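Coordinates in review
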Amino acid sequence: EAQVTQNPRYLITVTGKKLTVTCSQNMNHEYMSWYRQDPGLGLRQIYYSMNVEVTDKGDVPEGYKVSRKEKRNFPLILESPSPNQTSLYFCASSAGSGTDTQYFGPGTRLTVL
Amino acid sequence: AQRVTQPEKLLSVFKGAPVELKCNYSYSGSPELFWYVQYSRQRLQLLLRHISRESIKGFTADLNKGETSFHLKKPFAQEEDSAMYYCALRVGSARQLTFGSGTQLTVLP
């Protein structure tokens, strides 16, 4: 089944404790992206990747890092999480054409205490 | 920079009533517009895109370049339409999507 998976689905952590949220897609998509969803603000893009080893900042990249060593994986790294990073995070991927659909993961609900 | 505005955070209608979710965008060129939907406890998924000019689950949306709008409409709402709806815009060949803040639609019995 074609899908985007994220792990963990739920995470509660404390300020400053490094964490990684994994994202994997099995559709051989070139493009992958991370969003955060906050009430009243909708989805805001954190980082995106056009292909392996090619990443760029989205609208709200501060406090986040990403890597794209393999085509299928696009982990989101919080080196020193803070409470304002408490949010619902979505990973998405899409193929290489210009009118492709973005496929979203199930979301990761992160709480930073 | 491009921007997408969904003026209604919450919208409630009764079953069988018409529903319109508003979406306005700001971009001087020719954007590509989408509606994404997120049902309770499910992932975000594409509902429709303007270039397809299709009707999905009874919903339609017409791009009005003069008014820079892409409102989502359905003549007879159903309870299963209750969900969060996001309007999104893509510019040129870029794959990044700019989302609006979303409208939570509740269809009452």
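One structure accompanies this document, and this report is about it. Keep in mind that what you see is a predicted model, and the values were worked out from it rather than measured.

1. Topic: the overall build of chain B
Of regular secondary structure, chain B possesses zero helices and eleven strands. In chain B, the succession of helices and strands from N to C terminus is β-β-β-β-β-β-β-β-β-β-β. For chain B, the residues scored as buried account for 45% of the 109 residues in total. Taking all contacts inside chain B whose residues are at least 6 apart in sequence as the whole, residues at least 24 apart take part in 57%. Split by element, the accessible area of chain B, about 5500 Å² in all, is 50% carbon and sulfur.

2. A short note on the pattern of salt bridges
Residue and element names in this part refer to chain A. Tallying each qualifying case throughout the model produces eight salt bridges over all chains. Ionic pairing is found between K18 and E79, a salt bridge with its closest N-O pair at 3.9 Å. Taken as a pair, K18 in the loop between β2 (10–13) and β3 (19–25) and E79 in the loop between β8 (76–78) and β9 (87–94) lie far apart in primary sequence, 61 residues in all. Put simply, R36 and D38 hold a salt bridge, and the shortest N to O gap is 2.8 Å. Neither R36 nor D38 differs from the other in exposure class; each is buried.

3. Let's talk about the packing of aromatic side chains
All told, the structure shown has eleven aromatic pairs over all chains when counted by the stated rule. Between the aromatic rings of F104(A) and Y36(B), the centroid separation amounts to 5.5 Å while the plane-to-plane angle is 75 degrees, which identifies the pairing as edge-to-face. One end of the pair, F104(A), is in strand β10 (residues 103–104); the other, Y36(B), is in strand β5 (residues 32–38), on a second chain. Like F104(A), the residue Y36(B) is buried in the burial classification. One aromatic cluster is present, built from ring pairs that chain together Y35(A), F90(A), F104(A), F34(B), Y36(B), Y86(B) and F99(B).

4. Overview of the sheet that holds strand β7 (residues 60–61) of chain B
Residue and element names in this part refer to chain B. Spatially, the three strands line up as an open sheet ordered β3-β8-β7, and their pairing is antiparallel. Each edge of the open sheet is held by one strand with a lone partner, namely β3 (19–21) and β7. Relative to strand β8 (residues 72–74), β7 is paired through two bridges, and the arrangement is antiparallel. Paired with T60 across the bridge in β8 is K73.

5. Regarding the nonpolar core
When a protein is soluble and globular, its nonpolar side chains tend to lie buried together. Within the largest apolar cluster, 25 residues are counted, with the highest numbers of intra-cluster contacts made by W35(B), L72(B) and Y85(B). Secondary-structure elements contributing two or more residues to this core are β2 (10–14), β3, β5, β6 (45–49), β9 (83–90) and β11 (103–108) of chain B. Sorting elements by how many residues they give to this core places β9(B) first, with four residues. Excluding residues within four positions of it along the chain, L72(B) makes contact with V19(B), E20(B), L21(B), W35(B), L47(B), L48(B), F59(B), T60(B), A61(B) and Y85(B). Formed by 19 residues, the second largest nonpolar core is a distinct cluster that contains W34(A), Y47(A), V60(A) and L110(A).

Cut-offs used in this document
Residues numbered from 1 in each chain as written. Chains lettered and ligands numbered in written order. Predicted model: local features only at pLDDT ≥ 70, side-chain atom pairs only at ≥ 80, totals over all residues. Heavy atoms only, no water. Helix = DSSP H or I, 4+ residues; strand = E, 2+ residues; numbered from the N terminus. Buried < 20%, exposed > 50% of the residue type's maximum accessible area, 1.4 Å probe, protein only. Contact = heavy atoms within 4.5 Å. Areas by Shrake-Rupley, 256 points an atom, 1.4 Å probe, with all protein chains shown as cover. Salt bridge = Lys/Arg side-chain N within 4 Å of Asp/Glu carboxyl O. Phe/Tyr/Trp six-rings, centres within 6.5 Å; stacked < 30°, edge-to-face > 60°. Pairing = 2+ DSSP bridges. Core = buried A, V, L, I, M, F, W, Y, C linked by side-chain atoms within 4.5 Å.

Read these as geometric descriptors, not functional statements.
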